[in-house]
Amino acid sequence: MQAEQGEADKSHYPKHIAIIMDGNGRWAQKRHLPRIMGHPAGVKAVKRVVEFCAEQDIQVLTLFAFSSENWRRPKEEVSKLMSLFMATMQKEVNRLDKNNIRLRFIGEREEFSEKLQQKMAESERQTENNTGLTLVIAANYGGHRDMALAMQFIAQQVKDGKVSPEEIDESMLASALSMPDLPYPDLFIRSGGEKRISNFLLWQLAYAEFHFTEKLWPDFNAQTMQDAIEDFLTRERRFGRTSEQVQSLSS
Ligand code: IPE
Ligand code: IPE
Ligand code: MG
């Protein structure tokens, strides 16, 4: 794609943005609606944010849609979330595909219904050769669980004599975790005012820049995303080095 005249220099934009989409329940409650009404409003925000990232040539957008702890919510809310998940895929996957977006899922999908699992696999297959934005949906995802499963995989390889314990290093562990082929998130955003990770991408967020905002997820739009990117652009990413070193490296 050719850069239009006057377009912002995006070379320093984050390649991978990871978002905890929080505040749907409170958004609905503020409007005196049942909290589950916040979730369909959250889906509209997802569409705006996906569109923004695709337009801005962001490589990867990872959205936390359902945590491994969210099963603890009232049954009715969990089942509404599942049907919304299904309905949204049925409605939106063709459009994602047309827009050259590659859809992927991380998390333990075995716990979802057969129908949902089928739709997830089918959507991934349908969009796997797309070359635009990679949209990763974290569904029944937990950072601790991700690490435990990686350990099981590596332990099996040790047991089978394929790997010796001394060979286990950061890169081997990273390869056994979810989305090993994608760059780590550069920018982590959490809406809804809470300042915690809630068991999201614990390993992959090691050097992400964190942006917290009071905005509730259903109020997210291109402007709130742009604000988060502007905040990101003010940060100096040092990766352990001194500021002077970083400046001489970039000059
Ligand atoms: C995030 O919004 C959506 C999911 C966890 C599925 P919440 O439903 O957590 O909204 P609040 O935090 O209760 O307002
Ligand atoms: C984190 O939000 C999970 C998702 C956005 C899917 P929660 O609302 O579940 O997080 P806690 O419970 O407030 O930490
Ligand atoms: Mg919440």
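Everything below is about the structure shown above.
Presented here is a report on the structure given in the accompanying data block. (Residues numbered from 1 in each chain as written. Chains lettered and ligands numbered in written order. Predicted model: local features only at pLDDT ≥ 70, side-chain atom pairs only at ≥ 80, totals over all residues. Heavy atoms only, no water.)

Points about the packing of aromatic side chains
Per the counting criterion, the structure on display carries 13 aromatic pairs. Ring centres 6.1 Å apart and planes at 80° place the aromatic pair F64 and Y141 in the edge-to-face group. On the criterion of sequence distance, the pair formed by F64 in strand β2 (residues 60-67) and Y141 in strand β4 (residues 134-141) is long-range, its members being 77 residues apart. The pair F64 / Y141 is uniform in exposure class, with both members buried. Centre to centre, the rings of F210 and F212 are 6.0 Å apart; their planes meet at 55°, and the pair counts as tilted. Residue F210 is classed as partly exposed on the basis of its relative accessible area, which comes to 26%. Of the residues examined, F212 reaches a relative accessible area of 30% and is grouped as partly exposed. Of the aromatic side chains, those joined through ring pairs into one cluster are F64, Y141, F188, F200, F210 and F212. (Phe/Tyr/Trp six-rings, centres within 6.5 Å; stacked < 30°, edge-to-face > 60°. Helix = DSSP H or I, 4+ residues; strand = E, 2+ residues; numbered from the N terminus. Buried < 20%, exposed > 50% of the residue type's maximum accessible area, 1.4 Å probe, protein only.)

Overview of helix α2 (residues 38-55)
When the terminal C-alpha atoms of α2 are compared, their 26 Å separation across 18 residues agrees well with the 26 Å that a helix rising 1.5 Å per residue should span. Regarding α2, the residues found buried are G38, H39, A41, G42, V43, A45, V49, V50, F52 and C53. Looking at the buried positions of α2, the neighbouring elements they touch are β1 (16-20), α1 (24-30), β2, α3 (75-98), β4 and α7 (222-233). Looking at the residues trailing α2, positive phi occurs at D57, about 60°. (Expected span 1.5 Å × (residues − 1). Contact = heavy atoms within 4.5 Å.)

Points about the site of ligand 1
Near ligand 1 you find M21, D22, G23, N24, G25, R26, R35, H39, A65, N70, R73 and L81, and these make up its full shell. In this structure, G25 approaches ligand 1 through a main-chain N or O atom, which is 3.0 Å from an oxygen atom. Between ligand 1 and R35 there is a distance of 2.7 Å, counted from an oxygen atom to a side-chain nitrogen or oxygen. With 3 residues, α1 is the largest single contributor of residues to the shell around ligand 1. Tallied by class, residues from the shell around ligand 1 come to 3 nonpolar, 5 polar and 4 charged. (Near = heavy atom within 4 Å. Polar contact = N/O pair within 3.5 Å; in protein donor to acceptor, adjacent residues only side chain to side chain. Nonpolar A, V, L, I, M, F, W, Y, C, P; charged D, E, K, R; others polar.)

A few points about the site of ligand 2
Neighbouring ligand 2 are the residues I20, M21, D22, F64, A65, F66, S67, N70, R73, R190, R196 and S198. Contact between ligand 2 and N70: an oxygen atom at 2.9 Å from a side-chain N or O atom of the residue. Contact between ligand 2 and S198: an oxygen atom at 2.6 Å from a side-chain N or O atom of the residue. Taken by itself ligand 2 offers 390 Å² of open surface, and the protein chains cover 78% of this. The leading source of residues in the shell around ligand 2 is β2, at 4 residues. Of the residues contributing to the shell around ligand 2, the split by class is 5 nonpolar, 3 polar and 4 charged. (Areas by Shrake-Rupley, 256 points an atom, 1.4 Å probe, with all protein chains shown as cover.)

So, the pairing of strand β5 (residues 187-190)
Neither face of β5 is exposed, since L187 and I189 on one face and F188 and R190 on the opposite face are all buried. As defined by bridge partners, β1 adjoins β5 across 4 bridges and the pair is classed as parallel. The residue of β5 that forms the bridge with I19 is I189. With 4 bridges connecting them, β5 and strand β6 (residues 209-212) associate as parallel partners. Note on β6: the bridge partner recorded for R190 is F212. (Pairing = 2+ DSSP bridges.)

Remarks on the packing of α3 against helix α4 (residues 114-127)
Two measures define how a pair of helices packs: the angle their axes make with one another and the distance between the axes. Packing of α3 against α4 brings their axes to within 10 Å, and their N-to-C directions diverge by 15°. Classed by the angle they form, the pair α3 and α4 counts as roughly parallel. Of the two elements, α3 crosses α4, and the hand of that crossing is left-handed. The segment α3 lies against α4, with M82, F85, M86, M89, Q90, V93, N94 and D97 engaging K115, L116, K119, M120, S123, Q126 and T127. In terms of residue class, the contact of α3 with α4 is made up of 7 nonpolar, 5 polar and 3 charged. (Axes fitted to C-alpha atoms, helices over the stretch in contact; angles between N-to-C directions. Parallel < 35°, antiparallel > 145°, perpendicular 65-115°, else oblique. Left-handed = near helix turned anticlockwise from the far one by under 90°.)

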